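Coordinates in review
The lines below spell out each chain.
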Amino acid sequence: MTSFTLSREHEDFRAVVREFAAETIAPQASEWDRKHEFPVEAVRAMGDLGLFGLTAPEEYGGAGGDFTSLCVAIEEIGRVDQSLGITLEAAVGLGINPLQVFGTPEQKDRWLPDLVAGRALAGFGLTEPGSGSDAGGLHTRAELRDGSWVVNGAKQFITNSGSDLTSLVTVAARTGERPDGRPELSSIVVPAGTPGFVAEPAYDKLGWHASDTHPLSLTDVRVPEDHLLGVRGRGLAQFLATLDDGRVAIAALAVGCIQACLEMSTQYAGERTTFDVPIGSKQGVAFGIADLAVMAAGARALTYQAAAIKDAGGAAAEFKQAAAIAKLYATESAVTATRVATQVFGGYGFMEEYPVARFYRDAKVLEIGEGTSEVQRMVIARGLGLPVE
Amino acid sequence: MRIVVCVKLVPDATASRSFEPDHTVDRVSVDGLLSELDEYAVEEALRIRDAASEDGEVVAVTMGPQAAADAVRKSLQMGADSGVHVLDEAIAGSDAPATSLVLAATLRKLGADTGPVDLVVCGMASTDGTMGVVPAMLAERLGLPQLTYANQVTVDDSNGAYRVQVRRDSDLATETVEAAAPVVVSVTDQINEPRYPSFKGIMAAKKKPVQTWSLSDVGVDPAEVGLSAAWTAVVSAEARPPRSAGTVVTDEGDGGTRLAEYLVEKKFV
Ligand SMILES: Cc1cc2nc3c(=O)[nH]c(=O)nc-3n(C[C@H](O)[C@H](O)[C@H](O)COP(=O)(O)OP(=O)(O)OC[C@H]3O[C@@H](n4cnc5c(N)ncnc54)[C@H](O)[C@@H]3O)c2cc1C
């Protein structure tokens, strides 16, 4: 079993990100949420701290760090602002990762430095109005005509796809038909501003208000042939290859959420008095908070264990299973934790004046994005050898 | 330019603080961190090093118990090149004169071992003791000019020798003061915006050299330092009672009147 104890350097880094988040993000998190504002300056500041380049190679301006360090950063940003946590998670996992892993040297030279520095953001467009969990059932088409890909279709729920910083979206599309009649899927890089590529107005979401999510429409979008990312026909396989990382990163975001619930509840239960004593002296309240501590410890252990497997170069099957287990447990715990925390706050928990209400709204999507809980259970059950369809 | 920055580990001011039975600050059971005011000193030292035309070096120096090494480590993570930790049981309880004695001896040894030091940068005070006298005492002991409470530092190396110029802003005047290196400078919290260590910096710090020296290494007699040698003694230390919540006046159109009434009642007006 791979060890998942965090090193002293990771803990030092955690302290740095925590201080940064407390000074730069926490004071305005509620306002951004209320105004549905994507905070460009805060994202740039995260870039200056090197958060987007943690796992990128040094030659592109990255830190050449491990996956665990990225999880630490996502957890700590997510502890004060889930929207910025997902912005970071998606920027690296969905934006930078596919380019870093599958890009040609020219593609990397062209796009990675700005993404790594946090001067630009990239999105990944897989989900469509008619395909989500069954991502392979997508309908967007890309045809090669006179040395250009011509892309037509629509994408749904794409993170970081329409912000002021968005420089490109990698779009999964059908590029033909395979000999067996199934569609050939590939990934194509579409730079922001390409004619015909439109990020429609942002969604009105239940949570993650300060994160940038748009439907995309693609009408005769032309990009040069060399904008194909990776191997033609390997689009879905390539995406699936980077998906396990994303699951662990979402688990880290969930850990940040649980930790926030734990800290807010512990403090409030010590301060708020009813019947002349702090509510924390009542078992009915205190035991619920004790459970939050268990969730935080459990989710954190599973998350960093999965990250450690990746950093140690563990077997793909072992990592896949650990990633799905961490994502499932951490995200479902996060939803429970926000429910417990709002209950501890009583009526105040229902008021937007307190961050706990924001976390309550933000948590739900953790069980949906980058593979729903049902999909995680499917993966885990299959990993056990069960014949789940 | 060879720059030494003096750094101190202080108890985390946001955590609860406590005293030892001998009325010294409990530095063992409380989490410590690099004194916030020293972060400005480290940042300024790094900026001066990086702005210079020639290669330079920043050495972070601390004295204190085992945990004080964390102050050096944080400085290295921010970008300092190497560190020195003066660690000796006899140091516990040292006052400002003793601290400056040890630091001066340490600087002399650094100069003798690895070449002359051009600039010593200190924070304007520590966030725990807040006496603010160590930089001046250190300069006196070393026989160096002191440029204290700098809001800006500029180094001119155009004539083959370093001249250090600082700007001091007081209520009455803005002074520009300069001296030829080597000098001791203390900087305020207005001088810069200290950087956060990056993950890369944190990993790089692991490999940077830190020397641990005892009092005998730096040539200081243990009898001259520590609590027993202190010029002053704290006779008692009691935590202040927590502040009571103030009176909140909610303005319902009569806010001004009620404020005035309060001030009159307390005989402020
Ligand atoms: C805020 C937000 C940001 C997002 N960002 C991105 C992005 O950047 N890029 C991107 O490509 N996508 C993104 N998504 C899309 C996200 O990945 C999908 O919403 C998710 O995969 C689920 O797909 P769906 O919404 O179509 O739901 P569906 O697949 O229609 O699922 C509906 C329900 O059926 C269940 N279900 C489906 N299939 C099965 C099955 N075989 N067995 C059991 N249950 C099943 C699901 O678990 C779910 O409960 C984002 C979504 C949100 C909400």
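Thresholds applied
Residues numbered from 1 in each chain as written. Chains lettered and ligands numbered in written order. Predicted model: local features only at pLDDT ≥ 70, side-chain atom pairs only at ≥ 80, totals over all residues. Helix = DSSP H or I, 4+ residues; strand = E, 2+ residues; numbered from the N terminus. Rg over C-alpha atoms; globule rule 2.2 N^0.38 Å. Buried ≥ 20, exposed ≤ 12 C-beta atoms within 10 Å, placed from the backbone. Contact = placed C-beta atoms within 7 Å. Domains from an automatic or database assignment. Pairing = 2+ DSSP bridges. Axes fitted to C-alpha atoms, helices over the stretch in contact; angles between N-to-C directions. Near = placed C-beta within 6 Å. Nonpolar A, V, L, I, M, F, W, Y, C, P; charged D, E, K, R; others polar. Expected span 1.5 Å × (residues − 1). Parallel < 35°, antiparallel > 145°, perpendicular 65-115°, else oblique. Left-handed = near helix turned anticlockwise from the far one by under 90°.

Check the secondary structure of chain A and you find 10 helices and 10 strands. Relative to the 2.2 N^0.38 estimate, which gives 21 Å for 389 residues, the radius of gyration of chain A is 21 Å and therefore close to what a compact globule would have. Dimensions of chain A, computed from C-alpha atoms along their principal axes, come out at roughly 80 × 45 × 40 Å. In chain A, which comprises 389 residues, the proportion classed as buried is 53%. Contacts in chain A between residues at least 24 apart in sequence constitute 73% of all its contacts with a sequence separation of at least 6.

Time to look at the overall build of chain B. Within chain B, the secondary structure is distributed over 7 helices and 12 strands. Seen through its principal axes, chain B has C-alpha atoms that stretch 70 × 45 × 40 Å. Taken across its 269 residues, chain B has 41% of its residues classed as buried. Considering only contacts in chain B between residues 6 or more positions apart, those separated by 24 or more positions represent 71%.

Here we take up the domain arrangement of chain A. Often the size quoted for an interface is simply the accessible area lost on bringing the parts together. Residues and elements named next belong to chain A. You can read the domains of chain A as domain 1 (8–120), domain 2 (123–231) and domain 3 (236–383). Distance between the C-alpha centres of domain 1 and domain 2: 23 Å. Facing 26 residues of domain 1, the contacting portion of domain 2 comprises 18 residues. Listed by contribution, the elements that provide at least two residues to the side of domain 1 that touches domain 2 are helix H1 (8–35), helix H2 (40–48), helix H4 (82–102) and helix H5 (105–117). Here the element with the most residues in the side of domain 1 that touches domain 2 is H4; it accounts for 12 residues.

A word on the sheet that holds strand S9 (residues 163–169) of chain B. Residue and element names in this part refer to chain B. Across the sheet, which stays open at both edges, the 3 strands sit in the order S8-S9-S10 with antiparallel pairing between neighbours. For this open sheet the edge positions go to strand S8 (152–156) and strand S10 (174–180), each flanked by a neighbour on one side alone. Averaged over neighbouring strand pairs, the angle between their axes works out to 20 degrees when direction is ignored. Pairing analysis gives 7 bridges linking S9 to S10, with the strands arranged antiparallel. Residue pairing in the sheet places Asp169 in a bridge with Thr174 of S10.

For the rest of this paragraph, the subject is the site of the ligand. Residue and element names in this part refer to chain A. Taken together, 23 residues lie around the ligand, and Leu126, Gly132, Ser133, Thr372 and Glu374 are the ones closest in. Listing elements by their share of the shell around the ligand, those giving two or more residues are H4, strand S1 (121–125), strand S3 (148–159) and helix H10 (373–383). Residue composition of the shell around the ligand, grouped by class: 11 nonpolar, 9 polar and 3 charged. For the shell around the ligand, the domains that each give at least three residues are domain 2 (123–231) and domain 3 (236–383).

What follows deals with the interface of chain B and chain A. Between chain B and chain A, the residue contacts involve 9 residues of the former and 12 residues of the latter. Its residues assigned to classes, the side of chain B that touches chain A shows 5 nonpolar, 2 polar and 2 charged.

Quick look at the environment of B:Pro97 now. All names here are of chain B. Tracing the backbone shows Pro97 in helix H3 (residues 96–114). Judged by C-beta crowding, with 17 C-beta atoms within 10 Å, Pro97 ranks as partly exposed. Taking the C-alpha atoms as reference, Pro97 lies 21 Å from Glu20; in sequence the two are 77 residues apart. Non-local contacts of Pro97, meaning those with residues more than four positions away in its chain, are made with Met137 and Trp231.

Let us look at helix H1 (residues 36–51) of chain B. Residues and elements named next belong to chain B. Taking 1.5 Å of rise per residue, 16 residues should cover 22 Å, and H1 covers 23 Å from first to last C-alpha, within 8% of that figure. With 12 of its 16 residues buried, H1 lies for the most part within the structure. Of all the residues in H1, the buried ones are Leu37, Asp38, Glu39, Tyr40, Ala41, Val42, Glu43, Glu44, Ala45, Leu46, Ile48 and Arg49.

A few words now on the sheet that holds strand S4 (residues 57–63) of chain B. Strand pairing in a sheet relies on backbone hydrogen bonds, with the paired strands running either antiparallel or parallel. Residue and element names in this part refer to chain B. Here 7 strands make up an open sheet; going across it, the order is S7-S11-S6-S1-S4-S5-S12 and the pairing parallel. Strand pairing shows two members of the sheet lacking a second neighbour, strand S7 (146–150) and strand S12 (210–213), which therefore form its edges. When strand polarity is set aside, the average angle formed by the axes of neighbouring strands in this sheet is 20 degrees. As judged from the 5 bridges shared by S4 and strand S5 (residues 82–86), these two strands associate in the parallel manner. Residue pairing in the sheet places Val59 in a bridge with Ser82 of S5. Across the sheet, H1 touches strand S1 (2–6), S4, strand S6 (119–123) and strand S11 (183–187), and the angle it forms with S6 is around 150 degrees.

With that settled, consider the pairing of S11(B). Residue and element names in this part refer to chain B. Counting buried positions over the 5 residues of S11 gives 5, a clear majority of the element. The alternating pattern of S11 places Val183, Val185 and Val187 on one face and Val184 and Ser186 on the opposite face, and all of these are buried. Of the strand pairs in this sheet, S6 and S11 are connected by 5 bridges, and their pairing is parallel. Bridge pairing links Leu119 to Val183 in S11. Pairing between S7 and S11: 3 bridges, direction parallel. In the sheet register, Gln146 faces S11, and the bridge partner there is Val184.

Looking now at the packing of H1(A) against helix H3 (residues 67–80) of chain A. Residue and element names in this part refer to chain A. Direction vectors running N to C along H1 and H3 enclose 30 degrees, while the axes themselves pass 8 Å from each other. In terms of orientation, H1 and H3 fall into the roughly parallel class. The handedness of the crossing between H1 and H3 comes out as right-handed. Mapping the contact onto sequence places His10, Phe13, Arg14, Val17, Arg18, Ala21, Ala22, Ile25, Ala26 and Ala29 in H1 and Thr68, Ser69, Val72, Ala73, Glu76, Ile77, Arg79 and Val80 in H3. For the contact of H1 with H3, the per-class residue count stands at 11 nonpolar, 3 polar and 4 charged.

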